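Descriptive structure summary
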Amino acid sequence: MTGDLARTTEILRDLIGFPTISKDSNLALIDYASDLLGGLGTEITLSRDATGAKANLFATIGPDVDGGIVLSGHSDVVPVAGQDWSGNPFGMVERDGALYGRGACDMKGFIACVLALAPRFANASLTRPIHIALTYDEETGCLGAPVLLEALAASGRKPAICIIGEPTEMRIIEGHKGCYEYTTRFEGLEGHGSAPDCGVNAVEYAARYIGELIATGEALKSRAPEGSRFDPPHTTVSVGRIEGGIAHNVIPNTCAVDWEFRPVNASDAAYVRDRMHRHTQTALLPGMRAVHPQAAVTTEVIGEVDGLEPLPHSEAVDLVTELTGGNARDLVAFGTEAGLFQQHGISTVVCGPGSIAQAHKPDEFVTLDQLTQCLAMLDRLIPKLSD
């Protein structure tokens, strides 16, 4: 395993060196992975976004039959702007048993482990295939995975199990909340700050909207399902960004609010959307349009990704339990692409190296011990799929 770890570290250094922030192209990383896998005789399919600047990769190692195992990770990372890094975020540094760099744990560490063991997968006598899935734009609403899954369905392939390698400290995660992301835009009427009643202040109406989001979040606490295993146990609401206005003395005519909620069930999702729509129609728009009939409030859906539903029996959970020797089955609050795979009839589990506590932060890292544990799990997968 020492050689595998060295190879994983080398690949991770390369992967971190690709600045695949979600707003930018990921094609250089996809080309890199394609080159590594293509040399093994792997069948590779790419599915692109509408611009052609981003792509998913789906690679198959072994026989082209149903019942394979998907090892899945997203290629994009969150921005580093405004974060206080001790070094170059896209230049990996090894220190005190850990590897530092943007994406180290979220989730290029898992991808590096998979690519490092790909030659071993290719040399094994597999009777069921190992599929490798790399997606784009997970961090901005899980936009790439639906494109990949649509292409997978069109191909006729039917994998049985998917392991999503998000950072869980190699714990087995059988369920997580959904993630619904929106941008709500307010269009008012500009004017001089000395006459606020003659304009429609988009920022002020956005603030009232945010107030209702906060109140909705509080109300959701009392809706937590009895015996909920989530932490926190209820659906949460969060405001991530507000942008509007140009000067102290100008009534702003536009404002945008980025917000999200993470439902524990479908009824909470409907509750949040209905409540915010009702507040907009009854409490905001009448006042806005009394001054300016063209005033508007519109909400853009950035992504609506259902959670991973814990099931009484899960083939994926059973497999990873056997591979890792772990007995605990946990839930997490953060979202992944797992629910999308589950909706396509693929038994899915989340398990990967690193801790979510390090994700999205400056000096993000993954430990060598975590990578070693991941490599061991993947290595044990081979005899499960072989003669």
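Here the structure is shown first, and the text comes after it.
The numbering scheme is per chain: residues are counted from 1 as the chain's sequence reads. The predicted nature of this model means local features are confined to residues of pLDDT at least 70 and side-chain atom pairs, given and counted, to a pLDDT of 80 or more, with totals for whole chains, interfaces and linings taken over all residues. Note that the side-chain values use all heavy atoms of the structure and ignore hydrogens as well as water.

1. Some thoughts on the nonpolar core
Only buried Ala, Val, Leu, Ile, Met, Phe, Trp, Tyr and Cys residues count toward a nonpolar core, and they belong to the same one when joined by side-chain atoms within 4.5 Å. Burial classes follow relative accessibility: with a 1.4 Å probe on protein chains only, a residue under 20% of its type's maximum area counts as buried, one over 50% as exposed, and anything between as partly exposed. Judged by nonpolar contacts, the single largest core of 58 residues is most densely connected at L71, M377 and L378. The helix and strand labels rest on DSSP assignments: H or I over at least four residues marks a helix, E over at least two residues marks a strand, and numbering proceeds from the N terminus. For this core, the element with the most residues is helix 3 (residues 104-123), which contributes 13 residues. Once residues lying within four places of it in the same chain are set aside, the contact partners of L378 are L71, C113, V114, L117 and F121. Throughout, a contact is declared for two residues whenever any of their heavy atoms are within 4.5 Å.

2. Topic: the sheet that holds strand 11 (residues 236-244)
Here four strands make up an open sheet; going across it, the order is 11-13-9-14 and the pairing antiparallel. Both edges of this open sheet fall to strand 11 and strand 14 (296-305), since each of them pairs with a single strand only. Along the sheet, successive strands turn relative to each other by an average axial angle of 15 degrees, direction set aside. One ladder, built from eight bridges, connects strand 11 with strand 13 (residues 254-262); its direction is antiparallel. Residue pairing for strand 13: E243 is matched across the bridge by A256. Here an angle of 0 to 180 degrees is reported between the N-to-C directions of two axes, which are lines fitted to C-alpha atoms, with helices fitted over the stretch in contact. Packing against the sheet, helix 5 (residues 202-220) makes contact with strand 9 (179-187), strand 11, strand 13 and strand 14, and its axis sits at approximately 10 degrees to strand 13. Sitting on the sheet, helix 6 (residues 266-291) touches strand 9, strand 13 and strand 14, and the angle it makes with strand 14 is about 165 degrees. When DSSP locates at least two bridges between a pair of strands, those strands are taken to pair.

3. What to know about the packing of aromatic side chains
Each Phe, Tyr or Trp ring (for Trp, its six-membered ring) is paired with any other whose centre lies within 6.5 Å, and the angle between the two planes then decides the class: stacked below 30 degrees, edge-to-face above 60, tilted in between. According to the stated counting rule, one finds eight aromatic pairs in the structure shown. Considering the side-chain rings of Y182 and F261, the 6.0 Å spacing of their centres and the 15 degrees angle between planes classify their relative orientation as stacked. One end of the pair, Y182, is in strand 9; the other, F261, is in strand 13, with 79 residues separating them in the sequence. Both residues of the pair, Y182 and F261, belong to the buried class. Measuring from centroid to centroid gives 6.2 Å for W259 and F261, while their planes differ by 25 degrees, and the two rings are stacked.

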